[in-house]
Amino acid sequence: MYSKKIQKLTGLTRKAIEYYEEKGIITPLRLSNDYREYKNNDVETLKKVNLYRKLGLTINQIIDVLNNKITVADIIRDKQIKLNIDERKIKLLKSAGNNLSEDILEELKVMEKEEMIYTKLTDIFPGYFGQMLFINYKPFLQIKLDEDKAEAFNKFIEYIDGLPELKFNEEEINYIDELTEGFSIEDFENVNVNKNKVMDNYEEWLKENDELIKTYQKYIDSEEYKNSLMYTIKEKLSEYMIKNKYYDIAIPLIREFSPLYDEYYKKLLAADKFMKEKEVYVKKG
């Protein structure tokens, strides 16, 4: 069936259907005239997606549900936990007013144990700094902190809190603002989901993107790139990370308190080794 019919059957716009195709949720057959031919199971999939979106699931959650990585029950449980915690916080806030008694502080400590690691970190480090730093790890931090991992977590907080200010000049700040304008938190999450997919099958990804990798490598070796603000900012950030031993201190701690990140990191090391052996390793820009 063609685009018009599937729009009618699903109630979705053409742009929405193309977006879900771009995300790999459906894979219609591309005809020689560039028309798309959809199958009956595409209709059922899109109906599910439409329903899940209306019920408040993110695209990444929907993809995970469709790929059987998580269940709707998992999402419901997480939402219920968060809702329960929020309701309890509102109740405490109402009863506390301007007076924070010891009983209220103790209740808050109990609730904090039930929160996800990502929520804990963005509460501890609010604003732009926390969001930009931790969003790269969000897929691996949507878990509760095990008690036996608390020491590593506290060491991580102490390390991050002790980092010196990373300073950019006005031109660099304006460039970063322009670059990230309109780039939402969900966009960051999508990037991380795609990174995970690459790590799950990096050999196939390298074959499919061989020309892209060569083009990218050629660009980052060029004088144009080395004279750009992007290069200057990346070098400054890299120097900051190395100077403050971020890779030596922060990464091992994240691996320790997040088993999910530890698993991803091992895949990353395997992919890095494979690329070096195949001489397709992309140098850092």
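Up top is the structure.
Fair warning: this is a prediction, and the values are worked out from it, not measured in the lab.

S.K.: Kindly report on the overall build of the protein chain, identifying the contributing residues and their values.
M.R.: Per the secondary structure count, the protein chain includes 18 helices and two strands. Per-residue burial for the protein chain yields a buried fraction of 32% across its 285 residues. Residue pairs in contact within the protein chain that sit at least 24 positions apart in sequence constitute 65% of those at least 6 positions apart. By element, 52% of the accessible surface of the protein chain is carried by carbon and sulfur atoms, the whole surface being about 19,100 Å².

S.K.: Describe helix H4 (residues 59-66), naming the residues involved and giving the relevant values.
M.R.: Turning to H4, its buried residues are Ile-59, Asn-60, Ile-62, Ile-63 and Val-65. Once H4 finishes, Asn-68 follows within two positions and takes phi at roughly 60 degrees, a positive value.

S.K.: With reference to specific residues and values, describe helix H17 (residues 246-257).
M.R.: The end-to-end C-alpha distance of H17, which contains 12 residues, comes to 16 Å, matching closely the 16 Å that a straight helix rising 1.5 Å per residue would cover. Buried within H17 are the following residues: Tyr-246, Ala-250, Ile-251, Leu-253, Ile-254 and Phe-257. In an axial view of H17, the angular spread of the buried residues amounts to 160 degrees, which keeps them on one side of the axis.

S.K.: Which residues make up the pattern of salt bridges, and what values do they have?
M.R.: Summed over all chains, the structure comprises 10 salt bridges. Across the salt bridge formed by Glu-172 and Lys-236, the nearest N and O atoms sit 2.8 Å from each other. In this pair, Glu-172 is assigned in helix H11 (residues 170-180) and Lys-236 in helix H16 (residues 229-243), connecting sequence segments 64 residues apart. A residue is classified by how much of its surface remains accessible, and Glu-172, at 3% relative accessible area, is buried. Ionic pairing is found between Asp-262 and Lys-266, a salt bridge with its closest N-O pair at 3.3 Å. With a gap of four residues between them, Asp-262 and Lys-266 both fall in helix H18 (residues 259-277), about one helical turn apart. Taken together, the shared-partner salt bridges connect Arg-14, Glu-18, Glu-21, Arg-30 and Arg-36 into one network.

S.K.: Lay out the packing of aromatic side chains in plain terms, naming residues and giving numbers.
M.R.: Inspection of every chain in the model, using the stated rule, returns 11 aromatic pairs. Consider the rings of Tyr-159 and Tyr-246, whose centres lie 6.4 Å apart with planes at 50 degrees: the pair is tilted. Linking Tyr-159 in helix H10 (residues 150-161) with Tyr-246 in helix H17, this pair joins segments that are 87 residues apart in sequence. Across the pair, Tyr-246 and Tyr-159 agree in class, each one buried. Through pairs of rings, three or more aromatic residues link up here, namely Tyr-137, Phe-140, Tyr-261, Tyr-264 and Tyr-265.

S.K.: Summarise the nonpolar core; cite the residues concerned and give the values.
M.R.: Core analysis: the largest hydrophobic core is formed by 28 residues, its most contacted members being Leu-121, Tyr-137, Phe-156, Ile-160, Tyr-246 and Phe-257. Listing elements by their share of this core, those giving two or more residues are helix H7 (117-124), helix H8 (127-134), helix H9 (138-141), H10, H16, H17 and H18. Core analysis: the second largest hydrophobic core is formed by 18 residues, Leu-12, Ile-17, Leu-57 and Ile-75 among them.

S.K.: Please set out the side chain of Asn-244 residue by residue, giving values where relevant.
M.R.: Topologically, Asn-244 is positioned in the loop between H16 and H17. Those residues in contact with Asn-244, other than ones at most four positions away along the chain, are Tyr-159, Leu-163, Pro-164 and Ile-249.

S.K.: How would you sum up unusual backbone geometry? Please name residues and give values.
M.R.: Not every positive phi belongs to a glycine, and Lys-245 is a case in point at roughly 55 degrees. Tracing the sequence through the fold places Lys-245 in the loop between H16 and H17.

S.K.: Explain the packing of H10 against H17 to me, using residue names and the numbers behind them.
M.R.: Put simply, H10 and H17 touch, their axes get as near as 8 Å, and they point 150 degrees apart. Considered as vectors, H10 and H17 are oriented roughly antiparallel to each other. Considering the relative orientation of H10 and H17, their crossing is left-handed. Contact residues: H10 offers Ala-152, Phe-153, Lys-155, Phe-156, Tyr-159 and Ile-160, while H17 offers Tyr-246, Ile-249, Ala-250, Leu-253, Ile-254, Glu-256 and Phe-257.

S.K.: So what's going on with the environment of Lys-167? Which residues, and what values?
M.R.: Mapped onto the elements of the fold, Lys-167 is located in the loop between H10 and H11. Judged by relative accessible area, which is 60%, Lys-167 ranks as exposed.

S.K.: I'd like a rundown of a negative patch on the surface, residues and numbers included.
M.R.: Taken together, Asp-146, Glu-147, Asp-148 and Glu-256 make up a surface patch of like negative charges. Relative to the elements of secondary structure, Glu-147 occurs in the loop between H9 and H10. Assessed through its relative accessible area of 74%, Glu-147 is described here as exposed.

S.K.: How would you summarise the packing of helix H3 (residues 40-54) against H4 if you had to cite specific residues and measurements?
M.R.: Following both chains from N to C, one finds H3 and H4 inclined at 135 degrees, their axes separated by 10 Å at the closest point. Relative to H4, the element H3 is oriented oblique. Crossing hand, H3 versus H4: right-handed. Contacts between H3 and H4 pair Thr-45, Lys-48, Val-49, Tyr-52 and Arg-53 from the former with Ile-59, Ile-62, Val-65 and Leu-66 from the latter. When its residues are assigned to classes, the contact of H3 with H4 shows six nonpolar, one polar and two charged.

Definitions and limits used
Residues numbered from 1 in each chain as written. Predicted model: local features only at pLDDT ≥ 70, side-chain atom pairs only at ≥ 80, totals over all residues. Heavy atoms only, no water. Helix = DSSP H or I, 4+ residues; strand = E, 2+ residues; numbered from the N terminus. Buried < 20%, exposed > 50% of the residue type's maximum accessible area, 1.4 Å probe, protein only. Contact = heavy atoms within 4.5 Å. Areas by Shrake-Rupley, 256 points an atom, 1.4 Å probe, with all protein chains shown as cover. Expected span 1.5 Å × (residues − 1). Arc of directions from axis to C-beta. Salt bridge = Lys/Arg side-chain N within 4 Å of Asp/Glu carboxyl O. Phe/Tyr/Trp six-rings, centres within 6.5 Å; stacked < 30°, edge-to-face > 60°. Core = buried A, V, L, I, M, F, W, Y, C linked by side-chain atoms within 4.5 Å. Axes fitted to C-alpha atoms, helices over the stretch in contact; angles between N-to-C directions. Parallel < 35°, antiparallel > 145°, perpendicular 65-115°, else oblique. Left-handed = near helix turned anticlockwise from the far one by under 90°. Patch = residues over 30% accessible without salt bridge, like charges linked within 9 Å, V, L, I, M, F, W, Y side chains within 5 Å. Lys, Arg positive; Asp, Glu negative; His and termini not counted. Charge placed at Lys NZ, Arg CZ, Asp CG, Glu CD. Nonpolar A, V, L, I, M, F, W, Y, C, P; charged D, E, K, R; others polar.

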